[in-house]
Amino acid sequence: MEIISGGEEARIAYESHIADRLDPAVRYLYVAVGGGSTETTLIENRKMVASQSFNIGTLRVLAGKVGETEWDKLNDW
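1. Let's talk about the overall build of the chain
- Helix and strand counts for the chain come out as three helices and three strands.
- Its helices and strands taken in sequence order, the chain reads α-β-β-β-α-α from the N to the C terminus.
- Across its three principal axes, the chain shows a C-alpha extent of roughly 40 × 30 × 15 Å.
- Out of the 77 residues in the chain, the part that is buried amounts to 21%.

In structure tokens, the structure reads:
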């Protein structure tokens, strides 16, 4: 088992070739929600152009462990 960063998780998801099935004329926001974090990846012309990880996951939300600051970061991004 290895702990990886949110950026690394977004890269691995992108490299699963999900973009190969997307229309290159459309811009997509890929969102991966896990237990401890959520990774967002902007895909344009089948290429990853930006990604960001947020400490907002299902377990954190259910436990009330996500502060307003983290929600604000997600909304701003």
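2. Thoughts on helix α1 (residues 6-14)
- Turning to α1, its buried residues number three or more, namely Gly6, Ala10 and Ala13. The buried side chains of α1 occupy one side of the element, clustering within an arc of 60 degrees when seen end-on.
- Next to the buried residues of α1 lie β1 (28-33), β2 (38-44) and β3 (47-54).
- The N-capping residue of α1, defined by a side-chain oxygen 3.1 Å from the backbone nitrogen of Glu8, is Ser5.

3. Some thoughts on the pairing of β3
- Two strands pair when backbone bridges link them, and β2 and β3 are joined in this way by seven bridges, in the antiparallel orientation. Along β3, the bridge assignment pairs Glu44 with Lys47.

4. Thoughts on the packing of aromatic side chains
- Tallied over the entire structure, the rule returns one aromatic pair.
- Residues Phe54 and Trp77 carry aromatic rings whose centres are separated by 6.4 Å and whose planes lie at 65 degrees to one another, so their mutual orientation is edge-to-face. Taken together, the residues span a long stretch of sequence, with Phe54 in strand β3 and Trp77 in the segment after α3 (68-76) at a distance of 23 residues.
- Judged by relative accessible area, Trp77 falls into the partly exposed class, the value being 38%.

Each value, and the rule that gives it
- Residues numbered from 1 in each chain as written.
- Predicted model: local features only at pLDDT ≥ 70, side-chain atom pairs only at ≥ 80, totals over all residues.
- Heavy atoms only, no water.
- Helix = DSSP H or I, 4+ residues; strand = E, 2+ residues; numbered from the N terminus.
- Buried < 20%, exposed > 50% of the residue type's maximum accessible area, 1.4 Å probe, protein only.
- Arc of directions from axis to C-beta.
- Contact = heavy atoms within 4.5 Å.
- Polar contact = N/O pair within 3.5 Å; in protein donor to acceptor, adjacent residues only side chain to side chain.
- Pairing = 2+ DSSP bridges.
- Phe/Tyr/Trp six-rings, centres within 6.5 Å; stacked < 30°, edge-to-face > 60°.

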